[in-house]
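# Examining the three-dimensional arrangement
Listed below are the residues making up each chain.
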Amino acid sequence: SVGESQNNSDRIVGTLGFRYGLTGKTEVYTRGSYLYSNNRYSDITGNNSTHDNYFTDAWAGLNYEFKKDDDTPALLGFLELAVNEKHRYDNAWFKSALCGLTTYKAIDPVVFSLTTAYRYHLSREDGEIEDYKPGNILLISPSVGFAVNDRVTLTTGLQWRSRQADRQDDQTIGLHRTSTDLVLGVGYGFTKDSTLN
């Protein structure tokens, strides 16, 4: 039919991170992400496709153990700073921060954990937009880990996210959004000190 169109998109985001323990209680880390997208569409002009790939963001962070897991659950705190974030047109440097707490209780071979965090964004420029402020984000993520053996751990959990509406030139754009995602994971310990998650 005239005016009919179809669209399909695939997106892959890869993240690579490194952690290093400074002391028995303090750990520093960094991570970066890269995005690849492939968009296919069909309209009256025929079938077409576009693709894009770029570095999306880089973060640096610090973990600190306030309390060990003993008779009561452990308590960890973390703070992250966005070194660089890619937006539609420009990059933002040091314009976002995230802080949060994680508590966990290990009852061998199961680990129950709960993480809550808040991500705050400062205003930044993006192309011709001089005052763009992404919405702040609240995260709550309960999970359960199961140690299959001395090398492999399986995890499952939920992540609930509440994101405020973005703002541009002091005007609200978009909506306040919430979402709940299923999070699945696996960890493999190569050595006592090295783990791939």
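Coordinates for the structure precede this section.
None of the values given here were measured: they were computed from a predicted structure.

Criteria and thresholds
- Residues numbered from 1 in each chain as written.
- Predicted model: local features only at pLDDT ≥ 70, side-chain atom pairs only at ≥ 80, totals over all residues.
- Heavy atoms only, no water.
- Helix = DSSP H or I, 4+ residues; strand = E, 2+ residues; numbered from the N terminus.
- Rg over C-alpha atoms; globule rule 2.2 N^0.38 Å.
- Buried < 20%, exposed > 50% of the residue type's maximum accessible area, 1.4 Å probe, protein only.
- Contact = heavy atoms within 4.5 Å.
- Areas by Shrake-Rupley, 256 points an atom, 1.4 Å probe, with all protein chains shown as cover.
- Lys, Arg positive; Asp, Glu negative; His and termini not counted.
- Charge placed at Lys NZ, Arg CZ, Asp CG, Glu CD.
- Salt bridge = Lys/Arg side-chain N within 4 Å of Asp/Glu carboxyl O.
- Pairing = 2+ DSSP bridges.
- Axes fitted to C-alpha atoms, helices over the stretch in contact; angles between N-to-C directions.

## So, the overall build of the chain
Secondary structure summary: the chain contains zero helices and 15 strands in total. Whereas a compact globule of 197 residues would reach a radius of gyration of roughly 16 Å, the chain reaches 20 Å, over 25% beyond that. Counting only C-alpha atoms and orienting by the principal axes, one finds that the chain spans roughly 65 × 35 × 25 Å. Put simply, the chain has 197 residues, and 24% of those count as buried. Contacts in the chain between residues at least 24 apart in sequence constitute 47% of all its contacts with a sequence separation of at least 6. As displayed, the chain has an accessible area near 13,500 Å², and 56% of this comes from carbon and sulfur atoms. Side chains of the chain give 20 positive and 25 negative charges; the mean places of these two sets differ by 4 Å.

## So, the pattern of salt bridges
Within the structure shown, the criterion is met by nine salt bridges. Arg31 is the salt-bridge partner of Glu80, the closest N and O atoms lying 3.0 Å from each other. A residue pair is termed long-range when its members are at least 10 positions apart, and Glu80 in strand β4 (residues 74-86) and Arg31 in strand β2 (residues 26-43) qualify at 49 residues. Exposure remark for Glu80: the relative accessible area of 9% places this residue in the buried category. Note that Glu85 is salt-bridged to Arg124, the shortest N-O span being 3.4 Å. Here Glu85 is found in strand β4, whereas its partner Arg124 is found in strand β8 (residues 124-126), with 39 residues between them in sequence. Judged by its relative accessible area of 4%, Arg124 falls in the buried class. Here the residues in one salt-bridge network are Glu85, Arg119 and Arg124, joined through shared partners.

## A closer look at the pairing of strand β6 (residues 96-107)
For β4 and β6, the ladder comprises eight bridges, and the chain directions are antiparallel. When the bridges of β6 are listed, Phe78 appears paired with Gly100. Relative to strand β7 (residues 110-121), β6 is paired through 12 bridges, and the arrangement is antiparallel. Bridge pairing in β7 links Leu98 to Arg119. With antiparallel pairing between neighbouring strands as the criterion, β6 and β7 make up a hairpin whose turn holds two residues.

## Brief notes about the sheet that holds strand β13 (residues 171-173)
Taken in spatial order, the four strands line up as β8-β9-β12-β13 in an open sheet, and their pairing is antiparallel. A strand with exactly one partner marks an edge of an open sheet, and here the two such strands are β8 and β13. Neighbour to neighbour, the strand axes of the sheet diverge by 40 degrees on average, direction disregarded. As judged from the three bridges shared by strand β12 (residues 166-168) and β13, these two strands associate in the antiparallel manner. Along β13, the bridge assignment pairs Arg167 with Thr172.

## Re the environment of Gly21
As for its placement among the helices and strands, Gly21 is situated in strand β1 (residues 6-21). When its relative accessible area of 43% is taken as the criterion, Gly21 is described as partly exposed. A sequence separation of 41 residues divides Gly21 from Leu62, and the C-alpha atoms of the two residues are 9.8 Å apart. Beyond its immediate chain neighbours, meaning those up to four positions away, Gly21 contacts Thr26 and Glu27.

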